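Structural overview
Each chain, written out:
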Amino acid sequence: MLLRYRGSEGMLAWAFHRISGLAIWVFILLHVFDIWLASVNPPLYDELLVIYGSAPGRVGEMLLGAALLYHALNGLRIIIIDFWPALSRFHRQLWYANWVAFVVIGLPVAYVILKPIWGG
């Protein structure tokens, strides 16, 4: 027997919103730590900046940007549904529009973030 997901777009939107929110929270903790590190141990902070500028650091930055963008767009979708409850019957279409905006905005941004990896 194959395991199969039986939820719908609403459940996926809920899960992705929580996952992206958790990723943003982890980033904020890391950011507070590295800002603290800048004042406590500047040479170690400089080494951390080298890691951030490396290929894995750039990929991490791109993933953070993706989490921020999804979370923001899905938050706008939730606001639309909260303020105009009649639109909740279109939640599926709004979620797909969210993904279209995510790709249209996210791909150029990801390209800019990752370009230095390829020597750009």
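What comes next concerns the included structure. (Residues numbered from 1 in each chain as written. Predicted model: local features only at pLDDT ≥ 70, side-chain atom pairs only at ≥ 80, totals over all residues. Heavy atoms only, no water.)

**Let's talk about the overall build of the protein chain**
Helices and strands together make up the secondary structure of the protein chain, namely four helices and zero strands. Secondary structure elements of the protein chain occur, N-terminal to C-terminal, as α-α-α-α. In summary, the protein chain has a C-alpha radius of gyration of 18 Å against a globular reference of 14 Å for 120 residues, an excess of more than 25%. Along the longest, intermediate and shortest principal axes, the C-alpha atoms of the protein chain span 55 × 40 × 30 Å. A buried classification covers 22% of the 120 residues belonging to the protein chain. Roughly 8700 Å² of accessible area belongs to the protein chain as shown, and the carbon and sulfur atoms make up 75% of that amount. (Helix = DSSP H or I, 4+ residues; strand = E, 2+ residues; numbered from the N terminus. Rg over C-alpha atoms; globule rule 2.2 N^0.38 Å. Buried < 20%, exposed > 50% of the residue type's maximum accessible area, 1.4 Å probe, protein only. Areas by Shrake-Rupley, 256 points an atom, 1.4 Å probe, with all protein chains shown as cover.)

**Re the environment of W118**
Note that W118 resides in the segment after α4 (91-114). With a relative accessible area of 59%, W118 lands in the exposed category.

**Overview of the packing of aromatic side chains**
If you walk through the whole model with that rule in mind, you get nine aromatic pairs. Ring geometry for F16 and Y70: centres 6.0 Å apart, planes at 85°, overall edge-to-face. Residue F16 is found in helix α1 (residues 9-40), and its partner Y70 is found in helix α3 (residues 55-83); the two are separated by 54 residues along the sequence. On the basis of relative accessibility, which here comes to 33%, the residue F16 falls in the partly exposed class. (Phe/Tyr/Trp six-rings, centres within 6.5 Å; stacked < 30°, edge-to-face > 60°.)

**Details of the packing of helix α2 (residues 42-53) against α3**
Two elements in contact, α2 and α3, have axes separated by 4 Å at closest approach and are oriented at 70°. Our classification of the angle between α2 and α3 gives roughly perpendicular. On α3, the residues that touch I51, Y52 and G53 of α2 are A55, G57 and R58. For the contact of α2 with α3, the class distribution of residues is three nonpolar, two polar and one charged. (Axes fitted to C-alpha atoms, helices over the stretch in contact; angles between N-to-C directions. Parallel < 35°, antiparallel > 145°, perpendicular 65-115°, else oblique. Contact = heavy atoms within 4.5 Å. Nonpolar A, V, L, I, M, F, W, Y, C, P; charged D, E, K, R; others polar.)

**Structural notes on the environment of G60**
With respect to the helices and strands, G60 occurs in helix α3. Note: C-alpha distance between G60 and F27 (33 residues apart in sequence) is 9.9 Å.

Geometry only, nothing functional implied.
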